[in-house]
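# Structural description and commentary
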Amino acid sequence: MTVNIRTTEANVAAQQLDLIALYRTMVTARTTNDILKTRKTQGKFAFYIGCAGHESMAAVVAALNEDDWLSLYYRDLAAWLQRTGDIYGPLREAYSRTTGPMCSGRNMPSHYSSKRHRILPTFSEVGALAPFAGGVGFSLQWHKSEELIMYTVGDGGVATNDFNVLFRQAAVHKLPVLMVVEDNGWAITTASPIQWAGSLVEWARGGGVYAEEVDGTDTMATYEATTRLVQHIRSGQGPVLMHLRLGLLDAHSSSTDIKSYRKKEEIELTTATKDPVKNFGRWLVEHGHLQEADIERIRKEVRAELERAEAQVLQEPEPTPDRVMDHVINVPQWRENTPRGKKRPTTMLGAINEALVELAQRDSGFFVYGQDVDSSKGGVFGATSMLVTQFPGRAISSPLNEQLIVGIAAGAGMVDGKARCAEIQFVDYHQSAAQTIRMAARVSYQSYGDWTVPLIIRTKSGSGGGGPISSSTAGGGAFGHSNTGEQWFTTIPGMITICPATPFDAKGLLLEAGRAQSPVAFLERGRLYRSEPPKDDQGKIIAAIADCWNVPDGYYTLPIGKARRLRIGEGPSSLAIIAWGTMVLEACTAAANIVNSQGGAIDVVDLRTLAPFDEEAVAAAVREANRMIVVTEESDLTSFGLHIHSWIVQHCFYDLDGTPAFISALPAPAAPYNAPEETAFYPTARTIEEKIEELLAE
């Protein structure tokens, strides 16, 4: 078993380090590497990626404190062993055992993860963990902690958008982040000079981050440099980039032939000069800490210990098919609470402002992070104006980078398990953050529930602004401001997607989103920010939905995943309309107009939550009415609306007495700027009325 060793003061001499324990950890990493490489060749499992040449990362971790955070990449076996002392974990994950501490056998080997040991869950997507690491650093700074986070990446990972996001996060906010670039000269089969131009150290310094180049093949030099750089961070001087020069002693992975892309002479030179385990062993002998015989003795002892551990692991259980849906999504169990505050009319924008203030009152660590959110106006739409006034410092303006924004909020939520809010001005702009959002939603599943990412992504979505399409014509959003967004979020496993239609629902659902442990996409329709209750063609407010513009003071929540059924008219329902967001208002207007002229009743099912949607409510409404329409503001392409339509056809076909109808925007980019084209682009109450008349006449 390895011993976790560390120094807590920067002025502690490196000689006080337990050198033999450090060496044994490095030998353990190398021996584990060799055993698993052999087992892969023997066909014991499908894949292995090694650490040979990167074992000096144990010295980097030895220079940190046990409560510092780690964000490791797949060659950091030695870092794992140094922090945890767990020799069983890598074996369990290689053999896909349910006892695996990183992902319970669910992920590929070498994806290091442990909430207990503050090791963030490694992603296969190179560099993808970087924005989350920045969020952790932001939280540590927010709470004035003495802790820091170390983020490691290979030379190829430096070229990713993700790494550049972390660099910007750390530089702009002066975060306590140690960025370690483990440069072994190869990004799979591509030499590292293709990843950046010039000097990485000079590049980092030019961007406002202190940087040094360190010889990672020299264990003592690595330890001493890390100790010094860590002190730089802890003294409040900001982040550091350590360009750690290493040698890759094996191929990229078990799927790569090293001789197919590297010259024989280069391989031999790397093996002879850049092996940190051999180099450190020689240093220990030369300085009298070990005898030559001790080197082989330690290797044999470690090998025997690992073989015993392997024999035990092989007796442990493998995953079974019945657990394949475990830990996909974490929807909070709703605690029924009757609103006690006085009700008064307000807009959706006012309701969102109130919800953010309520979240801030209940959680001293809650913040909203996004572009312009701390302006006196409260962002471009004014959604944070109350937060700015009542809780100065809780609305924090960000750089113009959506991936950076989401990463800060997501990583901060991972630290203490409480949702922080990322505001994206328009949903169209989320796409630069798409990978970070997907990863956030996957974390719980990948880590088999060990980690969660509580996160709220609030964003304006849909067309224009001002009110329902039927009463205000064009919104003028045009391209880049008018996509609905649900088609992007509802296809992500593990993502909760909410799209309220009324102020009452917006406040209650946003407050409940603050309790969720899965990421929440909270889609705020721009047309509904300041809308009034919908009216029929006689100018009368539609009573079935009118009270939803009366919002209680104080705290209340509404259940995620539960639809609202609105009965327009009297008697049995003759048709069910499934809608959400702006289309709920359009549907209510259309239903009221039909009922006024023909009598009867029509149900409007406001989904409110799109993923997971209320299957029971939808099925019940369709079963009762026997006719249905799905109406969406999305373009008529592959959409969430089509998914709902398909689900109904699949599950409720024999309950239908007529053609299941589907209404959407046109199959073109959303949306033209000029009023005639934009108005023609979206469905309106009149569009829905025509379809209702057609269905009722069948």
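Please refer to the structure higher up on the page.
Within each chain, residues carry numbers counting from 1 in the order of the written sequence. Residues qualify for local features only when their pLDDT is at least 70, as the model is predicted, and side-chain atom pairs are given and counted only at 80 or more; totals for whole chains, interfaces and linings, by contrast, use all residues. Excluded from the side-chain calculation are hydrogens and water; included are all heavy atoms of the structure.

### A look at the environment of Arg282
- Every helix listed is a DSSP run of H or I at least four residues long, and every strand listed is a run of E at least two residues long, numbered separately from the N terminus. Topologically, Arg282 is positioned in helix α10 (residues 276–286).
- Among the residues examined, Arg282 registers a relative accessible area of 42% and is labelled partly exposed.
- Taking the C-alpha atoms as reference points, Arg282 and Tyr429, 147 residues apart in sequence, are found 55 Å from one another.
- A polar contact of 2.5 Å, which involves the side chain of Arg282, links it to the side chain of Asn279. Exposed residues in this analysis have more than 50% of their type's maximum accessible area, buried residues have under 20%, and partly exposed residues fall in between, with area computed by a 1.4 Å probe over protein chains only. Polar contacts here mean pairs of N or O atoms no more than 3.5 Å apart (in protein, one a potential hydrogen donor and the other a potential acceptor; neighbouring residues in sequence count only if both atoms are side-chain atoms).

### Concerning helix α21 (residues 615–625)
- Within α21, the full set of buried residues consists of Ala617, Val618, Ala619, Ala621, Val622 and Ala625.
- Two residues qualify as a contact provided that any one of their heavy atoms is within 4.5 Å of a heavy atom in the partner residue. As for α21, its buried residues are in contact with β16 (564–569), β17 (573–579), β18 (601–606), β20 (628–635) and α22 (640–652).
- Just past α21, the residue Asn626 takes up positive phi, approximately 70 degrees.

### Brief notes about the sheet that holds β17
- In space, the 5 strands of this open sheet follow the order β16-β18-β17-β20-β21, with mixed pairing throughout. The outermost strands of the open sheet, each flanked by one partner alone, are β16 and β21 (661–665). Ignoring which end each strand starts from, the neighbouring axes of this sheet average 20 degrees apart.
- Bridging between β16 and β18 involves 6 bridges; their strand directions are antiparallel. Across the sheet, residue Arg564 finds its bridge partner in β18, namely Asp606.
- Convention adopted: a line fitted to C-alpha atoms gives each axis, helices being fitted over their contacting stretch, and angles between N-to-C directions are expressed from 0 to 180 degrees. The strands touched by α21 are β16, β17, β18 and β20; relative to β17, the strand with the most contacts, the crossing angle is about 150 degrees.
- Against the sheet, α22 engages β17, β20 and β21, with an angle of about 160 degrees to β20. Between any two strands, pairing holds if DSSP finds at least two bridges.

### Description of unusual backbone geometry
- Cis geometry marks the peptide bond from Ala611 to Pro612, where omega comes out at -5 degrees.
- Residue Ala671 is bonded to the preceding Ala670 through a cis peptide linkage, with omega at -5 degrees.
- For Arg118, which is not glycine, the phi torsion reads 60 degrees and is therefore positive.
- Inspection of the secondary structure assignment puts Arg118 in the loop between α4 (88–94) and α5 (130–142).
- Accessibility expressed as a relative area gives 24% for Arg118, which makes it partly exposed.

### Regarding the sheet that holds strand β2 (residues 149–154)
- Spatial ordering of the open sheet is given by β1-β2-β3-β7-β6, a layout of 5 strands whose pairing is parallel. Taken across any chain shown, the strands that pair with only one partner, and hence form the sheet edges, are β1 (69–71) and β6 (210–215). Sheet twist, expressed as the average angle between the axes of neighbouring strands with direction ignored, equals 20 degrees.
- Note that strand β3 (residues 177–183) and strand β7 (residues 240–245) share 6 bridges and pair parallel. Bridging from a neighbouring strand, Asp183 pairs with Arg245 of β7.
- Against the sheet, α5 contacts β1, β2 and β3, and its axis sits at roughly 165 degrees relative to β2.
- Across the sheet, helix α8 (residues 219–237) is in contact with β3, β6 and β7; its angle to β6 comes to roughly 170 degrees.

### A look at the pattern of salt bridges
- Note on definitions: salt bridges are taken to be side-chain nitrogens of Lys or Arg within 4 Å of carboxyl oxygens of Asp or Glu. Summed over the entire model, instances satisfying the criterion amount to 40 salt bridges.
- Here Arg344 and Glu354 are joined by a salt bridge, their closest N and O atoms 2.2 Å apart. One end of the pair, Arg344, is in strand β8 (residues 343–345); the other, Glu354, is in helix α12 (residues 348–362), and 10 residues separate them in sequence.
- Judged by relative accessible area, Glu354 falls into the buried class, the value being 10%.
- Bridged by salt links that share partners, the residues Arg24, Asp294, Arg297 and Glu301 form one connected network.

### Focus: the packing of aromatic side chains
- Pairs were defined over the aromatic rings of Phe, Tyr and Trp, the Trp ring being its six-membered one, requiring ring centres within 6.5 Å. Orientation was assigned from the angle between planes: stacked under 30 degrees, edge-to-face over 60, tilted for the rest. Scanning the entire structure with this criterion turns up 22 aromatic pairs.
- Residues Phe167 and Trp203 carry aromatic rings whose centres are separated by 4.5 Å and whose planes lie at 35 degrees to one another, so their mutual orientation is tilted. In this pair, Phe167 is assigned in helix α6 (residues 161–173) and Trp203 in helix α7 (residues 200–206), connecting sequence segments 36 residues apart.
- Look at Phe613 and Trp647: their rings are 5.4 Å apart centre to centre, the planes differ by 90 degrees, and that puts the pair in the edge-to-face class. With Phe613 in the loop between β19 (609–611) and α21 and Trp647 in helix α22, this residue pair connects regions lying 34 residues apart in the sequence.
- For Phe613, a relative accessible area of 12% puts it in the buried group.
- Taking relative accessible area as the criterion, Trp647 reaches 11% and is therefore assigned buried.
- What links up through ring pairs into an aromatic cluster is the set Phe138, Trp142, Phe367 and Tyr369.
- A cation sits over an aromatic face here: Arg106 above Tyr445, 3.7 Å from the ring centre.
- We call a charge positioned over a ring when the NZ of a Lys or the CZ of an Arg lies within 6 Å of the ring centre and within 35 degrees of the ring normal. The lysine or arginine in question, Arg362, covers the ring of Tyr555, its NZ or CZ lying 3.7 Å from the ring centre.

So yeah, pure geometry; function would need other evidence.
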